[in-house]
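# Secondary and tertiary structure notes
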Amino acid sequence: MIHVAAAVIIRKGQVLLASRPPDKPPAGWEFPGGKLEPGEDAAAAAVRELREELALEVVPGEVIHRVRKPELLLEFIRCRISDDAVPRPCEGQCVRWEDPADGCPDGLLENDREFWNFLISLK
């Protein structure tokens, strides 16, 4: 089973999304994060992945949602960044901020779509 941590970063009502790096299919947009390494929990993986991929220092909070499939466990973790932090893509990806009130973003990957629907139900 693949175990993945996804960071949920909300600033001024908008959510941070990142494109998949060109060499890592599937193509599309996702909540930034990545696979857990041996001995890592989801919070530690989110911290490591955001540092590696977007040069962001995050403070992880609680797991707020899980997507479980036979081959995948995807944990969405609320994370905070400083008010002046700016994501700097390090792996050729792009980033964007999306307002959940605008509906599900085009190109959002399927597993992240499930969480997006959960996220907008919280409002």
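Look up a bit, the structure's there.
Presented here is an overview of the structure given in this document.

## Focus on the environment of P38
Its place among the elements puts P38 in the loop between β4 (33-35) and α1 (42-54). The spacing of P38 and A7 is 31 residues in sequence and 19 Å in space, taken between C-alpha atoms.

## Re the nonpolar core
Core analysis: the biggest nonpolar cluster contains 17 residues, and A5, I9, L50, L56, V58 and C79 have the highest contact counts within it. Breaking this core down by element, the ones donating at least two residues are β1 (2-11), α1 and β6 (72-80). No other element matches α1, which puts six residues into this core. In this structure, V58 is in contact with I9, A46, V47, L50, C79, R80 and I81, ignoring residues within four places of it in sequence.

## Observations concerning the layout of surface pockets
Rolled over the atoms, a probe as big as a water molecule pinpoints where empty space is left. Its volume calculated, the largest pocket comes out at about 520 Å³. Lining the largest pocket are 23 residues, and of these V4, R20, P26, E30 and K35 sit closest to its centre. The set of elements that each furnish at least two residues to the lining of the largest pocket consists of β1, β4, α1, β6 and α2 (110-121). By residue class, the composition of the lining of the largest pocket is eleven nonpolar, three polar and nine charged.

## Description of the packing of aromatic side chains
Enumeration over the complete set of coordinates arrives at five aromatic pairs. With centroids separated by 5.9 Å and ring planes inclined at 40 degrees, the aromatic side chains of F115 and F118 adopt a geometry described as tilted. Placement of both F115 and F118 in helix α2 is noted, with a separation of three residues, approximately one turn of the helix. We classify F118 as partly exposed; its relative accessible area is 25%. Among the aromatic residues, those joined into a ring-pair cluster are F31, F76, F115, W116 and F118.

Reading the values: the criteria
- Residues numbered from 1 in each chain as written.
- Predicted model: local features only at pLDDT ≥ 70, side-chain atom pairs only at ≥ 80, totals over all residues.
- Heavy atoms only, no water.
- Helix = DSSP H or I, 4+ residues; strand = E, 2+ residues; numbered from the N terminus.
- Core = buried A, V, L, I, M, F, W, Y, C linked by side-chain atoms within 4.5 Å.
- Buried < 20%, exposed > 50% of the residue type's maximum accessible area, 1.4 Å probe, protein only.
- Contact = heavy atoms within 4.5 Å.
- 1 Å grid on protein atoms, 1.4 Å probe; cavity = no way out; pocket = protein on both sides within 12 Å on 5 of 7 lines; lining within 4 Å.
- Points joined across faces, edges and corners; volume = space filled by probe spheres on them.
- Nonpolar A, V, L, I, M, F, W, Y, C, P; charged D, E, K, R; others polar.
- Phe/Tyr/Trp six-rings, centres within 6.5 Å; stacked < 30°, edge-to-face > 60°.

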